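Examining the three-dimensional arrangement
So you can see what is in the structure, the chains are spelled out below.
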Amino acid sequence: MPEKLVIIGSGPAGWTAAIYAARANLEPLVFAGRPKQDPATILPGGQLMLTTEVENFPGFPTGVTGPTLMSYLEQQAVRFGTRVQTDEGQTPDVSNPDDGHSYKYHDCKRVDLSCRPFKVIGEDNSVIETNTLIVATGATANWLGLENEMRLARTGGGVSACAICDGALPIFRGKEVAVVGGGDSAVEEASYLTKFAGKVYMIHRRDQLRASKIMAQRALGNPKIQILWNKIPIDVLGQDRIRALKLKDTVTGQVSDLPVGGLFMAIGHTPATAFLEGQLELDKKGYIKLADSYRTTTSVDGVFAAGDVVDSVYRQAITAAGMGCKAAIDAERWLVEHEIE
Ligand code: NAP
């Protein structure tokens, strides 16, 4: 018997879809991605696994850590009958440092959406058949890949890839902070940070912003933002907390130190859609295209998508969770319409 619903992805979108689908008796099967060697995705559970304090997810008046929020969502989904695809004796064995919760995971290697039921192929070549599919594989923030950048991002040392998520934290208040990038996100994040920080440096590798004219004007006209042109960070300095950036001038090659109390990366995101191998329509940046922007339907009937894998605009845990809920309801309605019990 094919599955009624398989969900690929274990971030806020995937787990919320699982909670709703499980409560509708669909007994969803979740593929939570295998932890990667890349430190940005060292644990299953998506981008929140790299976030320390989450203060803007409704329902947590005193905040919650990213890994704990994800382990809560998983436990809530499992409580109503969600199954999580896993290996026997999976390695590495990963657990939440805060509450000891042990994560299950199993990568989906590829899918075949050309047949019905659809086929979901696991990393061990196992084939699962399913009538509906929700893709909630998210996107990964791009990082420079500097050793100390990743270490401090993981340990709450003042390095982040989301100013809207982390910028209001007390550690950044009144401090001089830096945003790396010259696109719309960098301008948006820098402008947002001026509400809390004493000064914001925008570090851009060229002498012209990529951001749209109106956004560029916003950065250039803000007295709290100073743009450092033709610069790239080559090192992040600091033990427990960031204290400075080592910058290299891309024109002269000159190296200098810039003391900062916070670092925000805004050099784009990469949606996790490579495993789809072109079977779903994507936009030119690789995000899944929705067939109807108000719903979660995709170019293949019975396949739904939710969260950052379709959303390059909002990229918040709560917006991803909201879309996960919509995707589960869309999948449930599809099964009812096709009289699949
Ligand atoms: P983006 O437009 O791709 O800009 C990325 C920026 O990071 C570029 O300035 C790029 O430099 C720089 N960069 C990339 N790799 C780098 C590296 N290794 N080292 C140093 N710098 C690096 O990405 P985005 O700003 O996240 O925007 C994504 C999409 O969302 C865009 O279409 C944007 O318009 C849209 N967006 C819109 C709004 C809004 O309208 N309010 C807000 C946010 C995002 P180069 O310029 O030299 O390539």
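Residues numbered from 1 in each chain as written. Predicted model: local features only at pLDDT ≥ 70, side-chain atom pairs only at ≥ 80, totals over all residues. Heavy atoms only, no water.

1. Remarks on helix H2 (residues 66-79)
The condition that has to hold: Where helices and strands are cited, they refer to DSSP runs of H or I of at least four residues and of E of at least two residues respectively, numbered from the N terminus. Expected helix span is computed as 1.5 Å times (number of residues minus one). We call a residue buried when its accessible area falls under 20% of the maximum for its residue type, exposed when it is over 50%, and partly exposed in between, using a 1.4 Å probe and counting protein chains only. Contact criterion: two residues are considered in contact whenever any of their non-hydrogen atoms come within 4.5 Å of each other.
End to end, H2 covers 20 Å across 14 residues, agreeing with the expected 20 Å (1.5 Å per residue, within 8%). Of all the positions in H2, only Gly66, Pro67, Thr68, Leu69, Met70, Ser71, Leu73, Glu74 and Ala77 are classed as buried. Lining the buried residues of H2 we find helix H1 (12-23), strand E3 (53-54), strand E4 (64-65) and strand E5 (83-84). Looking at the residues trailing H2, positive phi occurs at Gly81, about 105°.

2. What to know about the state of the cysteines
Under the convention used in this document: The disulfide definition used here is simple: a pair of cysteine sulfur atoms within 2.5 Å.
This structure, assessed with the given rule, holds 1 disulfide. Put simply, Cys162 and Cys165 are joined by a disulfide, and their sulfur atoms are 2.1 Å apart. Here Cys162 and Cys165 share a disulfide; its torsion about the S-S bond, 75°, makes the bridge right-handed. The thiol sulfur of Cys115 is not disulfide-bonded, and the nearest other cysteine sulfur, from Cys108, lies at 13 Å.

3. Structural notes on helix H5 (residues 184-193)
Buried residues of H5: Ala186, Val187, Glu189, Ala190, Ser191 and Leu193, and no others. Here the buried face of H5 lies against helix H4 (163-166), strand E11 (176-180), strand E12 (199-203), helix H6 (213-220), strand E13 (225-228) and strand E17 (262-265).

4. As for the nonpolar core
How we decide: What we call a nonpolar core is a set of buried Ala, Val, Leu, Ile, Met, Phe, Trp, Tyr and Cys residues that are connected through their side-chain atoms within 4.5 Å.
Ile8, Val111, Val120, Leu133 and Ile134 are the most contacted members of the largest nonpolar core, which totals 48 residues. Considering every element that reaches this core, the biggest residue donor is helix H7 (residues 317-337), with 7 residues. Once residues lying within four places of it in the same chain are set aside, the contact partners of Ile134 are Leu5, Val6, Ile7, Ile8, Ala17, Phe304, Ala327, Ala328 and Ala331.

5. A short note on the packing of H1 against H7
For the record, the criterion: Geometry is summarised by axes, namely lines fitted to C-alpha atoms with helices restricted to the contacting stretch, and by angles between N-to-C directions that run from 0 to 180 degrees. Crossing handedness follows the turn of the near helix against the far one: under a right angle anticlockwise gives a left-handed crossing, and clockwise gives a right-handed one. Only Asp, Glu, Lys and Arg are considered charged in this grouping, and only Ala, Val, Leu, Ile, Met, Phe, Trp, Tyr, Cys and Pro are considered nonpolar; every other residue, Gly among them, is considered polar.
Running from N to C, H1 and H7 point in directions that differ by 35°, and their axes come no closer than 7 Å. Helix-helix and strand crossings are classified by hand; for H1 and H7 the assignment is right-handed. Facing H1, whose interface residues are Pro12, Ala13, Thr16, Ala17, Tyr20 and Ala21, H7 presents Ala317, Ala320, Ala321, Gly324, Cys325 and Ala328. Residue composition of the contact of H1 with H7, by class: 10 nonpolar, 2 polar and no charged.

6. So, the packing of aromatic side chains
Counted only if it meets this: In this scheme Phe, Tyr and Trp rings, the latter by its six-membered ring, pair at centre separations within 6.5 Å, and the angle between planes marks the pair as stacked below 30 degrees, edge-to-face above 60, and tilted otherwise. We call a charge positioned above a ring when the Lys NZ or Arg CZ atom is no farther than 6 Å from the ring centre and deviates by at most 35 degrees from the ring normal.
Following the criterion strictly, the structure yields 4 aromatic pairs and no others. Their ring planes at 55° and their centres at 6.3 Å tell us that Phe57 and Phe60 sit as a pair that is tilted. Lying over the aromatic face of Phe80, Arg23 brings its terminal NZ or CZ to 5.3 Å of the ring centre. The lysine or arginine in question, Lys326, covers the ring of Tyr294, its NZ or CZ lying 5.1 Å from the ring centre.

7. Here we look at the domain arrangement of the protein
Our working definition: Where a domain begins and ends is set by an automatic assignment or by a domain database.
On domain assignment, one finds that the protein holds domain 1 (3-140 + 269-337) and domain 2 (143-265). Computed from C-alpha atoms alone, the centre-to-centre distance between domain 1 and domain 2 is 30 Å.

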